[in-house]
Amino acid sequence: MKLDLISYCEDDNLASEWRLEGCRLGNINLIVGKNASGKTRILRSINLLASLLCGNRNLHPEKKHRNWTLTFDSDSENNQKIYKLITQDGKVLEEKYDVGNKNYCTRGSLGKGKIWATQVGNYIDFQIPTDELVALKKRDTIQHPLFEDIFKWSNSLISYQFGTDLGRRIIDFPRNQRKIDLRDTEQVVAIFKSGNREFGSSFIEAVKSDMSSVGYNITNIGTKIPGILLAEKAEEEIDAKNIKIECIFVQENDLKVATEQFLISQGMFRTLSLIIQINYLLKANKPSCILIDDIGEGLDFERSQAMIKLLINKAETGLFQLVMTTNDRFIMNGVPLEYWSVIERKPGLAKLHNINNSREIFEDFKFTGLNNFDFFATDFYLEGFEEEEIIEE
Amino acid sequence: MRKLAIFVEGQTEQIFVENLLREIVEKNHISIEVKKISGRKKHRVSNPIVKDQVTIETRFYVLIYDSSGDTQVVSDIRDQCESLSSNGYERIIGLRDVYCKSIADKTSLDEYIAYKLSLERGLHYSLSTVIMTDPIPMNIVLAVMEIESWFLSEWNHFPKIDAKLTLDKIQTDLGFNPKTDNMETRLHPSSDIDKIYRLVGSSYDKNKDQINSIVSKLDYEFLYLKLIHTVPSLGKFIGYINLFLN
C-alpha cells in the first residue's frame, strides 16, 4: 500500500492553525524547505498517525485539534483507500475509511459508528471507547480484512531523524529475548545483532558494501564489550559470556585498530546506523515507508551525494516508499527535481510545490542549466521564468 | 585596453570565433588568449591553448574559453564572471548550439524551435540570477541548430573545398540549397556538412584539421556584412561583438 496524498490540519480556524497543502507523494520524495518551514512537522504528522494506527502510541489528551486525510493507492479507482481521522483532547471526533467507491467504516465523536462486515455481508453497528481508533480496535481478518492493509502500512513505517545520534550513545543491554522495536531507531546495536544472528554474512556484507559506497571503507564490523568496561584488564581475561553489554565496532581499512561506536565520528555513525537499520528492515520486514528527517546533516559534499544516491537506489527497487527532508544544498543537488516538493511557507500554511501541481515550472527549470539547489534558492519554484522581457544590452 | 570574454561549447566554436575576431579586427589591435576548461563540475581545470603577446598597440584583449560541453557554457560563465569583472572584463558572451543529445529524438522543426525558445529563456534566466559586485553585461547566443548552420549559410566556401561542390550539385543530390534556403531550419547542420563532404568522397567528423580547413576558407566579409542580416543567430553573436568593439 502506497501513500499518495496527505491532507493535514492542526487547530482549524484558530490562531494556531497550521495546514499542509499539496502534499502528494511519489515513491521517492525529497521535501525541501527553509528552516522552520514545516519539514519536520510534515514527517511528524505522518509518523504520529502511523503510530496511532498501529497501536504504538495512544491518543493523549491535548488541546490540539488534528485532522488527517490520507489517500493510498490512488492510481487504481477501485483500490483507492481514503482514511480520515479527526482528534481533539485525546478523543476521536471522526473516523472514516473508504475503499474504492465504498464506505467501509464511519464513526462519530461518541465512539458509535457503522462498519462493513465482510462475512455478514452488511454494515454492523458498534461503539468503542472515544479514545480508541476503529482501524485498530476492529482489526479482524475475517469480518474487516481491509483494515489489515492500513495496519501493515502503519506498523512498518519507520521514521529516522538523521540529525540526531541515531543510537551512537546507546549500548545493548541483555534483552532476554525481548522483541526489538524497529521504530526505536536508537536501538541500532540490538538491530545489528539481530541482523547478524538472523542473516549472517549476507547482512554484514550488505552493510559493508553500502558503507563503502558512501565512502567509508570498513573491513570488519561487529559487536564487543565496550572498552571502558574492560578497564585495565586484558580482554581475554574477561569471561565474555557473562558480560552481555555490547557496542558496535568497525575496522576501517586505513586504521590499525578497530573503532568503537562512541569514537566514530558523528557523520559516519549516522550513516552506519541508518545503513544497518535499513538493511535489516529490507531483509527482515519489508518496510512500507521510510521517513528520514534532515538527510545528509553532518556529512560532507561527497558523502551526502553518495548517501542520497544509495537511498534512492534502494527505493527505486520499489520495495518501500521514501520520504526525506532537507535544506542541505549537496543533498538537493543529488536528487532529481522530479522527486522534489518545495515548501512555500505562509502564515499557518505549508504549501508544497511539486511536479504534480507545478509541472511547467519544474520542466522549465531544466533549461536553465542551474544546479537543483538554485531551483530552491532563487525561488524559481514559485515564480518560474515570470513573463519578463529579455532586454539585450 | 578593453577586455572581452567569450565562452564557447567546443573546439569548432573556439576555432571559428578566434578566426572571426582576427578577420574583423585589425591584426595589431587585438590580442587573443584561448583556454580550455575541462573536468567535472567541482573540479574544473583550465589549460592554456593560445596566448598572444600584448603590445602597446593592443586595443582589444579577448579571452576565449572552450567549456568542453554545451551545458558547461553558462555554468562556467556563472563561475567565472565575478573574477572576470574584477579583472576589468567589460562584457561576457556565451556561444553554444541548440542541438544537443536531449533533443536528438525530436523530429519536427516546431519541436526544435519550441526547445530553442525554452533553452534561450532558461539560459538567460540563469545569467540574470548571477549576483556580481560590479555587474557587466552577459549575453548568451544559441547557434541554430548548430554553428555548422553558419558554415552552411556561407555557401561561397564549398567550391574552395572542392570545385565539384556547386550549389546545383548540393541541391540536386541533397535536396536543399545553402544559398536560397534558411539554414537555421536545418535540424542537424553538422550532418548536412558531412553529407556535402561525402559528395566528393570526404567526410566531416569535427576533427581539428577539418574545422581549421573549413574555417580558413570562410568568406568573413560575406559573413560580417551580409549574413548577419539573414542568419539571425549569427547576427546576434556578431552584434554583441560589435557592441564591445564600438
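Okay, so let's go over this structure. (Residues numbered from 1 in each chain as written. Chains lettered and ligands numbered in written order. Predicted model: local features only at pLDDT ≥ 70, side-chain atom pairs only at ≥ 80, totals over all residues. Heavy atoms only, no water.)

Structural notes on the interface of chain A and chain B
Phase 1: The interface of chain A with chain B comprises 17 residues on the first partner and 22 residues on the second.
Phase 2: The tally of links between chain A and chain B comes to 2 salt bridges.
Phase 3: Among the salt bridges present, the one from aspartate 374 of chain A reaches arginine 78 of chain B, with a minimum N-O distance of 3.9 Å.
Phase 4: At the boundary of chain A with chain B, the tally comes to 3 residue pairs in polar contact (both at pLDDT 80 or more).
Phase 5: Tallied by class, residues from the side of chain A that touches chain B come to 6 nonpolar, 4 polar and 7 charged. (Contact = heavy atoms within 4.5 Å. Salt bridge = Lys/Arg side-chain N within 4 Å of Asp/Glu carboxyl O. Polar contact = N/O pair within 3.5 Å; in protein donor to acceptor, adjacent residues only side chain to side chain. Nonpolar A, V, L, I, M, F, W, Y, C, P; charged D, E, K, R; others polar.)

Quick word on the pattern of salt bridges
Phase 1: Applying the stated criterion across every chain, the model contains 41 salt bridges over all chains.
Phase 2: The partner of lysine 164 of chain B in a salt bridge is aspartate 162 of chain B, with the nearest N and O atoms 3.7 Å apart.

Some words on the sheet that holds strand β3 (residues 45-51) of chain B
All names here are of chain B.
Phase 1: Read from one edge to the other, the open sheet built from 6 strands follows the order β3-β2-β4-β1-β5-β6, with strand pairing classed as mixed. Edge positions in the sheet fall to β3 and β6 (138-143), since each has one partner strand and no second. Strand-to-strand twist across the sheet, computed as the mean angle between neighbouring axes with direction ignored, equals 20°.
Phase 2: As judged from the 6 bridges shared by strand β5 (residues 89-97) and β6, these two strands associate in the parallel manner. Counted as the bridge partner of aspartate 97 is alanine 143 from β6.
Phase 3: Lying on the sheet, helix α1 (residues 11-24) is in contact with β1 (2-8), β2 (30-38), β3, β4 (60-66) and β5; it crosses β4 at an angle near 170°.
Phase 4: Contacts from helix α2 (residues 72-86) reach β1, β2, β4, β5 and β6, with the element oriented near 170° to β5. (Pairing = 2+ DSSP bridges. Helix = DSSP H or I, 4+ residues; strand = E, 2+ residues; numbered from the N terminus. Axes fitted to C-alpha atoms, helices over the stretch in contact; angles between N-to-C directions.)

Brief notes about the nonpolar core
A general feature of soluble globular proteins is that nonpolar side chains tend to end up buried together.
Phase 1: Core analysis: the biggest nonpolar cluster contains 67 residues, and Ile221, Leu272, Ile276, Ile292, Ile295, Trp340 and Phe375 of chain A have the highest contact counts within it.
Phase 2: Per element, the largest residue contribution to this core is 9 residues, and it comes from helix α7 (residues 266-284) of chain A.
Phase 3: Those residues in contact with isoleucine 295 of chain A that lie beyond four places of it in its chain are Leu30, Phe162, Leu274, Met307, Ile308, Leu311, Met324, Thr325, Thr326 and Ile331 of chain A.
Phase 4: Ranked by size, the runner-up nonpolar core spans 48 residues in total, among them Phe60, Phe151, Ile196 and Leu218 of chain B. (Core = buried A, V, L, I, M, F, W, Y, C linked by side-chain atoms within 4.5 Å. Buried < 20%, exposed > 50% of the residue type's maximum accessible area, 1.4 Å probe, protein only.)

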